[in-house]
Amino acid sequence: MALVVYYIIGSVLVILLGALAYRVLVMRRRVNELLNQQTITETRLYDYQTRFDTVFGLANIGIALTNLDGSFIKTNKTFYELFNYNEDELLTINIFQLMHAADLANFQTFMQHLIENKAQSQQFELQCSQKGGENVWVIITIALIRDNQSRPSYFVVQVQNISSQKKAEEKLRHMAYHDPLTGLANRNKLEQFVNHILASSRRHQQNFALLFLDLDRFKNINDTIGHEAGDALLQIIAERLRSTVRTTDLVARLGGDEFVLVITDVKRTEAVALIAQKILDTVLQAIVIKGQELYITTSIGISLYPYDGQNMQALMKNADLALYRAKDHGRNNYQFYTIEMTGRAHERMAMQNALAHALAKNEFFLHYQPKMSIDSRAITGVEALLRWQNKEYGMITPDEIVALAEETGLIVPVSEWVLDTACRQLKDWHEMGYTSLTIAVNCSPRQFKQSTFTDDVLSTISRVGLPAASLEIEVTEKLIMEDPENTLRVLYALKDLGVKIVIDDFGTGYWSLNNLRRLSVDKIKIDKSFVKQVTVDETSASIVSAIIAMVNKLGIVSVAEGVETREQYEFLVHEGCMEIQGYYVAQPLAAADMTQFISHPVPVAEMINGKSELETQ
Ligand code: C2E
Ligand code: CA
Ligand code: CA
């Protein structure tokens, strides 16, 4: 019995152990299986990783992974080399730092659209900045990677360098629009340019000029010196033409020895005549080819938009007609399409020529016109007014002198002469005992652009020995409006010297009251066009009253210019004007007459009678 029991127990144990052993065996197998699977997964993972690293590293295309804020996570070699960085450097910056400000907003918006699922991956063609500041043209493709729960995870950015492709395109475009021999614009470019200029000139009501040029007897020269030297000659002429015009103008070669220049934003016909003359002069300079000195001349025909044509064809045709006339006139000259314009331009040029010699020939002189205080009836100062007496042209008015001289830049030496002469004259009067007398000198726009202007003023008054406060600089409201920033800078500098500032022709511009206060202007001269009307036109009268009231309130001295009659004078007295200038007090006088005048001031009541006497001088 006991044996049976032992047997049963033994059997059960064997079965249990067997089952256990089997279980262990199964588990071992399962563990082995799992271990095997992990190795496979690891191997696979390793495999993927290696493949990815190899592809990523060796890819010909720049690839980068960035965080959602654009900061770099990883970049391949092509990527960082394309931007001239090493990888570590790139990992410290943000993709946006590679882009130009102008492209940034667009790109960032697109990234946001990707995040919000409003867009799929897209390509961008743009210029990026390399480290060191060079630009590189690239195509950027950007895509968003999401995690298994579809949450935005990171961006994959691909970049392709397309700079050489862009350069090739640029070259092709250049070839399509330029003359291969000279590098100047060709007919295509000329047409495109003129169409563009036509549109903008119409919009802004600006004028432009078209100059048609043809070298004189080029064919003969070409035949004599040979084709190659002829080409070299054309290249030299092209360069000279280019240097005579501004970068906003255009020089084109139509072929052979035919050139066209487009001069934009023409304010005065004379300015075009001046350029045409400059071209004639530069073309005429000796040309040295292979050690041989050559001389060539050119003829120029000019048409003006809008007077001589409304489109390219008409302007070209008329410039061409004018060119024929220039050839007829014995070559080496220019002609406007409109004959009168040529005549006028020639006259202006001749006058400008004469003006250039006027300083040396002592043809300039100054007239002086007194300013009187209404309160004390004393002469407070005089204004220097420029005069030019020329044998051929007679007496030329200062307005015209200034217009002519501004164009050629001659205004600078002429103005220096005015300032010096006026200051020396005032010094003489001071030495005669009229020490409270001031001198007012008019200034032109070009002077204000001279960087040395303030220094010149300072050196003149110091040299002559005048107190700065006896010099008044008159500047028109219009001049300030034209270039407020620069003009005000100069005026502040003059003010610092102690020189007095007078705003001339006041009322014709729209200068703000605030500016007057800020600049602490010393005097305001009410324009004579208003003064002339005060007794006949109510609007002018109210303008003048308002200006006087405002100016007096600001503590600025109000001056009325162009006062001619007793009625005007009385109106001004009534309105509280402080000083007057005009024929009612005295005409502009030569220095000697002015000396007489200040030694015997004329009582106001006698002024009108005195005028006719003065007029005869
Ligand atoms: P402005 O500064 O307004 O000078 C006053 C002008 O009015 C002078 O003309 C003067 O002769 C004239 N005038 C004076 N009293 C009367 C009057 O009672 N009635 C009328 N109808 N006119 C009167 P002017 O001498 O022909 O000068 C004209 C302009 O030329 C001046 O106007 C001034 O802007 C400019 N100018 C004169 N001299 C110079 C100079 O040396 N340099 C510069 N840049 N401009 C000057
Ligand atoms: Ca003046
Ligand atoms: Ca004036």
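A brief look at the structure comes next. (Residues numbered from 1 in each chain as written. Chains lettered and ligands numbered in written order. Predicted model: local features only at pLDDT ≥ 70, side-chain atom pairs only at ≥ 80, totals over all residues. Heavy atoms only, no water.)

1. Considerations on the overall build of the protein
Item 1. In terms of regular secondary structure, the protein is built from 23 helices and 21 strands.
Item 2. Compactness check: the protein gives a C-alpha radius of gyration of 42 Å against a globular reference of 25 Å for 617 residues, more than 25% above the reference.
Item 3. With the C-alpha coordinates aligned to their principal axes, the bounding extent of the protein is approximately 170 × 75 × 45 Å.
Item 4. Put simply, the protein has 617 residues, and 45% of those count as buried.
Item 5. Put simply, of all contacts in the protein between residues at least 6 apart along the chain, 61% involve residues at least 24 apart.
Item 6. For the protein, the accessible area works out to roughly 32900 Å², and carbon and sulfur atoms hold 53% of it.
Item 7. Taking the 59 positively charged and 73 negatively charged side chains of the protein as two groups, their mean positions are separated by 8 Å. (Helix = DSSP H or I, 4+ residues; strand = E, 2+ residues; numbered from the N terminus. Rg over C-alpha atoms; globule rule 2.2 N^0.38 Å. Buried < 20%, exposed > 50% of the residue type's maximum accessible area, 1.4 Å probe, protein only. Contact = heavy atoms within 4.5 Å. Areas by Shrake-Rupley, 256 points an atom, 1.4 Å probe, with all protein chains shown as cover. Lys, Arg positive; Asp, Glu negative; His and termini not counted. Charge placed at Lys NZ, Arg CZ, Asp CG, Glu CD.)

2. Focus on the packing of helix α8 (residues 227-244) against helix α9 (residues 269-284)
Item 1. Two elements in contact, α8 and α9, have axes whose closest approach is 10 Å; the angle formed by their N-to-C orientations is 150°. Viewed along their axes, α8 and α9 form a crossing whose handedness is right-handed. Across the interface between the two elements, Ile237, Arg240, Leu241 and Thr244 from α8 touch Lys278, Ile279, Thr282 and Val283 from α9.
Item 2. Residue composition of the contact of α8 with α9, by class: four nonpolar, two polar and two charged. (Axes fitted to C-alpha atoms, helices over the stretch in contact; angles between N-to-C directions. Left-handed = near helix turned anticlockwise from the far one by under 90°. Nonpolar A, V, L, I, M, F, W, Y, C, P; charged D, E, K, R; others polar.)

3. Considering the pairing of strand β4 (residues 135-146)
Item 1. Sheet analysis places strand β3 (residues 122-129) next to β4, joined by eight bridges and oriented antiparallel. In the strand pairing of β4, Gln122 is matched with Ile142.
Item 2. From the end of β3 to the start of β4, which pair antiparallel, there are five residues, and Gly132 there has a positive phi angle of about 105°.
Item 3. The turn linking β4 back onto strand β5 (residues 152-161) is made up of five residues, and Ser150 within it adopts a positive phi angle of 70°. (Pairing = 2+ DSSP bridges.)

4. Some remarks on the coordination of the calcium ion (ligand 3)
Item 1. Within the protein, the calcium ion (ligand 3) binds to Asp504 (OD), Asp505 (OD), Glu561 (OE) and Glu561 (OE); these donor distances fall in the range 2.2 to 2.4 Å.
Item 2. Read in sequence order, the donor residues coordinating the calcium ion (ligand 3) give the pattern D-D-x55-E. (Donors = N, O, S within 2.8 Å, 3.2 Å for Na, K, Ca; no water.)

5. A look at the pattern of salt bridges
Item 1. Scanning all chains against the criterion turns up 26 salt bridges.
Item 2. The salt bridge involving Glu169 is made with Lys166; its shortest N-O contact spans 3.8 Å. Of this pair, Glu169 and Lys166 both sit in helix α5 (residues 163-177), three residues apart, which is roughly one turn of that helix.
Item 3. By relative accessible area, which is 18% here, Lys166 ends up buried. (Salt bridge = Lys/Arg side-chain N within 4 Å of Asp/Glu carboxyl O.)

6. With respect to the packing of helix α7 (residues 218-225) against α8
Each pair of packed helices can be described by the angle between their axes along with the distance between the axes.
Item 1. Orientation of α7 relative to α8, taken along the N-to-C sense of each, is 130°, at an axis distance of 6 Å. The angle between α7 and α8 falls in the class oblique. By crossing handedness, the relation of α7 to α8 is classed as right-handed. Contacts from Phe218, Ile221, Asn222 and Ile225 in α7 reach His227, Ala229, Gly230, Leu233 and Leu234 in α8.
Item 2. A breakdown of the residues in the contact of α7 with α8 according to their chemical character gives six nonpolar, three polar and no charged. (Parallel < 35°, antiparallel > 145°, perpendicular 65-115°, else oblique.)

7. A closer look at the nonpolar core
Item 1. Formed by 80 residues in total, the largest nonpolar core has its most connected members in Ile439, Leu471, Leu491, Ile503, Ile524, Leu572 and Ile580.
Item 2. For this core, the leading source of residues is helix α13 (residues 411-431), giving nine residues.
Item 3. Discounting chain neighbours no more than four positions away, the residues touching Leu471 are Leu419, Cys423, Ile439, Val441, Val457, Ile461, Val499 and Lys500.
Item 4. Counting 38 residues, the second-largest nonpolar core is a separate cluster that includes Leu233, Val251, Val266 and Phe336. (Core = buried A, V, L, I, M, F, W, Y, C linked by side-chain atoms within 4.5 Å.)

8. Quick notes on α9
Item 1. A rise of 1.5 Å per residue sets the reference length of α9, with its 16 residues, at 22 Å; its end C-alpha atoms lie 23 Å apart and thus fit the reference within 8%.
Item 2. For α9, every residue scored as buried is listed here: Thr269, Glu270, Val272, Ala273, Ile275, Ala276, Ile279, Leu280 and Val283. (Expected span 1.5 Å × (residues − 1).)

9. A closer look at the site of ligand 1
Item 1. Not every one of the 22 residues close to ligand 1 is listed here, only the nearest: Gln369, Arg387, Asp504, Glu564 and Tyr583.
Item 2. Arg387 places a side-chain nitrogen or oxygen 2.9 Å from an oxygen atom of ligand 1.
Item 3. In this structure, Lys528 approaches ligand 1 through a side-chain N or O atom, which is 3.2 Å from an oxygen atom.
Item 4. Summarising the interface, the protein chains cover 85% of the accessible area of ligand 1, which totals 790 Å² for the free molecule.
Item 5. Listed by contribution, the elements that provide at least two residues to the shell around ligand 1 are β14 (379-390), α12 (398-408) and β18 (500-506).
Item 6. When the residues that make up the shell around ligand 1 are grouped by side-chain class, the tally is nine nonpolar, five polar and eight charged. (Near = heavy atom within 4 Å. Polar contact = N/O pair within 3.5 Å; in protein donor to acceptor, adjacent residues only side chain to side chain.)

10. What about the sheet that holds strand β11 (residues 298-305)?
Item 1. Overall, mixed pairing links the five strands, which are arranged β7-β8-β6-β11-β12 in an open sheet. The open sheet is flanked by β7 (250-255) and β12 (334-336), the only strands paired with a single partner. For this sheet the average axis-to-axis angle between neighbouring strands, irrespective of direction, equals 20°.
Item 2. Where β7 and strand β8 (residues 258-266) come together, five bridges link them in antiparallel fashion. Across the sheet, residue Gly255 finds its bridge partner in β8, namely Glu258.

11. Considerations on the side chain of Gln568
Item 1. With respect to the helices, strands and loops of the structure, Gln568 is situated in helix α21 (residues 566-575).
Item 2. If we skip the residues at most four places from it in the chain, Gln568 touches Val531, Lys532, Val534, Thr535, Gly562 and Val563.

12. Concerning helix α22 (residues 591-599)
Item 1. Listed in full, the buried residues belonging to α22 are Met594, Phe597 and Ile598. Seen end-on, α22 carries its buried residues on one side only, within an arc spanning 90°. More than 90 degrees from the buried face of α22, the exposed residues found are Ala592 and Gln596. (Arc of directions from axis to C-beta.)

13. Re the pairing of strand β19 (residues 523-526)
Item 1. Of the two faces of β19, the one holding Lys523 and Lys525 and the one holding Ile524 and Ile526 are both buried throughout.
Item 2. Pairing geometry for β18 and β19, over three bridges, is parallel. Each bridged residue has a counterpart across the sheet, and for Val502 the counterpart in β19 is Lys523.
Item 3. The sheet contact formed by β19 and strand β20 (residues 557-560) spans four bridges and is parallel. Among the inter-strand pairings, Lys525 is bridged to a residue of β20, identified as Val559.

14. Some thoughts on the sheet that holds β5
Item 1. Strand order in this open sheet of five strands is β2-β1-β5-β4-β3, and the pairing throughout is antiparallel. Two strands bound the open sheet, and with one partner strand each, they are β2 (72-75) and β3. Along the sheet, successive strands turn relative to each other by an average axial angle of 30°, direction set aside.
Item 2. Looking at chain direction, strand β1 (residues 62-66) and β5 are connected through five bridges and run antiparallel. Note that in β5 the partner of Ile63 across the bridge is Gln158.

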